[in-house]
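# Structural features, examined
Below are the chains, spelled out letter by letter.
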Amino acid sequence: MIVVAARPGHGKSLYGMQWLYSLALGGSKVCIIFEEMSSKGLARRSVNYLSGSSQEKWTGDMSGLISEMDDYREVTSNIFIVEHCGSVSKVTEQIDRLSEHRDIDAVVVDYCQILTGSGKSKYEQVSDISRSIKRCAVKNNIVAMLLAQTNRDSERRDGGIPLMSDLRDSSAIEADADVILFLQWPFKSDPTYQDPLEYRMYVAKNRNRETVSPIIVSRIDPSIQRIYAESKPPIQKEIFNES
């Protein structure tokens, strides 16, 4: 299970959708399960990403945009959308059904803490959500990406570098995950930040594999819902020492 975590507004959904689109372009069958975004909002983001056009350009002659979207029709037929399950039990039911009848290869769940699970406390519920999705992914032999929120601690920390302890509501998320990525859009936390389009991905966990670059500096273009690679020297691995 891959866990992708960030503060609200730092691009979790954008990252998850871009990952799914890349898989679908390669021929994989994928699913996104979202709890907050509307179908209209998801469709708008999809057009942004697939066409490379911002909404401001969706006026006048739409023939070019329509032609581009027609080219992606076959690709998007491999993407299945599930809305507002509410509980993790319904999420796993949907994953089981799509695995059996559509043979999906991957799923994104957006996002962990908004679902309900078994347990009286929030800690118990989030722990159940994490473990249930992990078990479901293993059972169906698919890749699951679980989006999650972090707490405010990283915003109070010098440099804003996220740590494992920032995962909100349950330490089970850290234990269950095979890979943990933290996302950070520095400009969102600090409007005076020198580069408003700089985007960072921190590789905090990579079970049984080497972490070559613990931080990846990239670019984000929110107008077309895309993250771009950018080559820069990696920050030293000591950034993840929590002692």
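First, a word on scope: everything that follows refers to the structure included in this document.

Calculation criteria
- Residues numbered from 1 in each chain as written.
- Predicted model: local features only at pLDDT ≥ 70, side-chain atom pairs only at ≥ 80, totals over all residues.
- Heavy atoms only, no water.
- Core = buried A, V, L, I, M, F, W, Y, C linked by side-chain atoms within 4.5 Å.
- Buried < 20%, exposed > 50% of the residue type's maximum accessible area, 1.4 Å probe, protein only.
- Helix = DSSP H or I, 4+ residues; strand = E, 2+ residues; numbered from the N terminus.
- Contact = heavy atoms within 4.5 Å.
- Expected span 1.5 Å × (residues − 1).
- Axes fitted to C-alpha atoms, helices over the stretch in contact; angles between N-to-C directions.
- Parallel < 35°, antiparallel > 145°, perpendicular 65-115°, else oblique.
- Nonpolar A, V, L, I, M, F, W, Y, C, P; charged D, E, K, R; others polar.
- Salt bridge = Lys/Arg side-chain N within 4 Å of Asp/Glu carboxyl O.

Moving on: the nonpolar core. With 37 residues, the main nonpolar core has V3, C31, I33, V107, I133 and I180 as its most contacted residues. Of all the elements, helix α6 (residues 122-140) adds the most residues to this core, at five residues. When residues no more than four places from it in sequence are discounted, the contact partners of I180 are V3, M164, L167, E174, Y202, V203, A204 and K205. V179, W185, Y199 and I220 belong to the second largest nonpolar core, which has 29 residues in total.

Where the residue is not glycine, phi is negative for most of them; where a peptide bond is considered, it is trans in most cases. Its identity as a non-glycine residue notwithstanding, H84 has a phi of 45 degrees, on the positive side. Within the secondary structure, H84 is located in the loop between β3 (79-83) and α5 (88-101). The exposure class assigned to H84 is partly exposed, which follows from its relative accessible area of 42%. Notably, D103 is not glycine yet its phi reads approximately 55 degrees, a positive angle. Within the secondary structure, D103 is located in the loop between α5 and β4 (106-110). Taking relative accessible area as the criterion, D103 reaches 51% and is therefore assigned exposed.

With that settled, the discussion passes to the environment of V217. By the secondary structure assignment, V217 is in strand β8 (residues 215-221). In this structure the C-alpha to C-alpha distance between V217 and E198, which are 19 residues apart in sequence, comes to 7.1 Å.

What follows deals with α6. In a regular helix each residue adds 1.5 Å, so 19 residues correspond to 27 Å; α6 covers 27 Å between its end C-alpha atoms and thus fits that length. Listed as buried for α6 are Q125, V126, S127, D128, I129, S130, S132, I133, K134, C136 and A137. In this fold, the buried residues of α6 make contact with α5, β4, β5 (143-149) and α8 (172-176). Trailing α6 by a residue or two, N141 shows a phi angle of about 55 degrees, which is positive.

It is worth spelling out the packing of α5 against α6 at this point. Following both chains from N to C, one finds α5 and α6 inclined at 10 degrees, their axes separated by 10 Å at the closest point. In this view, α5 runs roughly parallel relative to α6, as classed from their interaxial angle. Here α5 contributes V88, T92, I95, D96 and S99 to the contact with α6, which in turn contributes D128, I129, S132, I133, C136, K139 and N140. The residue inventory of the contact of α5 with α6, partitioned by class, reads five nonpolar, four polar and three charged.

This model, assessed by the stated rule, comprises five salt bridges. Among the ionic pairs, K139 bridges to D96, the shortest N-O distance being 3.0 Å. Separated by 43 residues along the polypeptide, K139 in helix α6 and D96 in helix α5 bring together distant segments of the chain. Residue class for D96 comes out partly exposed when judged on its relative accessible area of 24%. Across the salt bridge formed by R200 and E198, the nearest N and O atoms sit 2.7 Å from each other. Through salt bridges with shared partners, one network takes in K134, D178 and R207.

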